[in-house]
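# Structural characterization, general
So the chains spell out like this:
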Amino acid sequence: MTHRRVLLRSAWVALAVGACGPLGATVAPAGPQPSSAPASHAWLPQSRRIGHGTLRMLGFTIYDAALFALADFDATAFATHPLVLEIRYRRSFAGAAIADYSLKEMRRGTGVDDGTAERWLQFMRRAFPDVQDGDRLIGQWLPGTSTSRFAA
């Protein structure tokens, strides 16, 4: 597995852990950003892209993803840094299918117990909308707040 894929998977885990923490999470509209504007500018000022990749399955491009963090980001302590993950979909999917696949990927990379996995899955099913080709989902992790937010 590439470093990039590990980093992107780690970002999803951090977002899910924050989302299902004691304070919960918010689902917010992405706001009036033009589709070409990186999420990092609005959601994490002064951030830079630290990772990106494209998910392809059976020859089909599913999405392009980019992970943003501040200049002092340390991958060995990723959960202690604010992160923004932006996914641009290249195909249409139901939100529930995105949630199911996301949990499957998170479980491949970490030891997630069944209770935690179910909480994460229920949150993601509520948070993730159905997407069309060209739509984007944005997730933000703010360490120490037990709050994440997602937007379409």
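Residues numbered from 1 in each chain as written. Predicted model: local features only at pLDDT ≥ 70, side-chain atom pairs only at ≥ 80, totals over all residues. Heavy atoms only, no water.

## Some thoughts on the overall build of the protein chain
The number of helices and strands found in the protein chain is four helices and six strands. Put simply, the protein chain runs from its N terminus to its C terminus through helices and strands in the order α-β-α-β-β-β-α-α-β-β. A total of 152 residues make up the protein chain; the buried ones form 46% of that total. Across the protein chain, every contact between residues at least 6 apart in sequence was considered, and the portion connecting residues at least 24 apart equals 66%. Summing over all exposed atoms, the protein chain offers an accessible surface of approximately 7,800 Å²; the carbon and sulfur share of this is 56%. (Helix = DSSP H or I, 4+ residues; strand = E, 2+ residues; numbered from the N terminus. Buried < 20%, exposed > 50% of the residue type's maximum accessible area, 1.4 Å probe, protein only. Contact = heavy atoms within 4.5 Å. Areas by Shrake-Rupley, 256 points an atom, 1.4 Å probe, with all protein chains shown as cover.)

## A closer look at the packing of aromatic side chains
According to the stated counting rule, one finds two aromatic pairs in the structure shown. Arranged with centres 5.6 Å apart and planes meeting at 65°, the rings of Y63 and Y89 form a pair that is edge-to-face. Pair noted here: Y63 is in strand β3 (residues 60-69) and Y89 is in strand β4 (residues 83-89), with a separation of 26 residues, a long-range link. Ring geometry for Y89 against F93: centres 6.1 Å apart, planes inclined by 65°, an arrangement best described as edge-to-face. We classify F93 as partly exposed; its relative accessible area is 26%. The rings of Y63, Y89 and F93 are connected pair by pair, giving a single aromatic cluster. (Phe/Tyr/Trp six-rings, centres within 6.5 Å; stacked < 30°, edge-to-face > 60°.)

## Details of a nonpolar patch on the surface
On the surface, a nonpolar cluster with roughly 360 Å² of combined accessible area is contributed by M57, L58 and F60. Inspection of the secondary structure assignment puts M57 in strand β2 (residues 48-57). The class for M57 is partly exposed, based on a relative accessible area of 37%. (Patch = residues over 30% accessible without salt bridge, like charges linked within 9 Å, V, L, I, M, F, W, Y side chains within 5 Å. Salt bridge = Lys/Arg side-chain N within 4 Å of Asp/Glu carboxyl O.)

## Examining the pairing of β3
Counting buried positions along β3 yields eight of 10 residues, so the element is predominantly enclosed. Note that β2 and β3 share nine bridges and pair antiparallel. Counterpart to T54 in the pairing with β3 is D64. Where β3 and β4 come together, six bridges link them in antiparallel fashion. Along β4, the bridge assignment pairs Y63 with Y89. (Pairing = 2+ DSSP bridges.)

## Some details on the nonpolar core
Within the largest apolar cluster, 27 residues are counted, with the highest numbers of intra-cluster contacts made by Y63, Y89, L103, M124 and F128. Secondary structure elements with two or more residues in this core: β2, β3, β4, α3 (95-109), α4 (114-127) and β5 (136-142). Sorting elements by how many residues they give to this core places α4 first, with six residues. Beyond its immediate sequence surroundings of up to four residues, Y89 is in contact with I62, Y63, I98, V131, Q132, D133, G134, D135 and L137. (Core = buried A, V, L, I, M, F, W, Y, C linked by side-chain atoms within 4.5 Å.)

## Considering unusual backbone geometry
With a phi close to 65°, Q46 is a non-glycine residue in the positive phi region. With respect to the helices and strands, the residue Q46 is situated in the loop between α2 (39-43) and β2.

## Re the confidence of the model for the protein chain
Counting all residues, the mean pLDDT for the protein chain is 77, and 69% of those residues have values of 70 or more. The element-level mean pLDDT for the protein chain is lowest in strand β1 (residues 26-27), coming to 42, with β3 highest at 93. Low confidence marks residues 17-35, where pLDDT is under 50. Its contacts with residues over four positions away, or in another chain, come to 44 contacts. (pLDDT = per-residue confidence, 0-100.)

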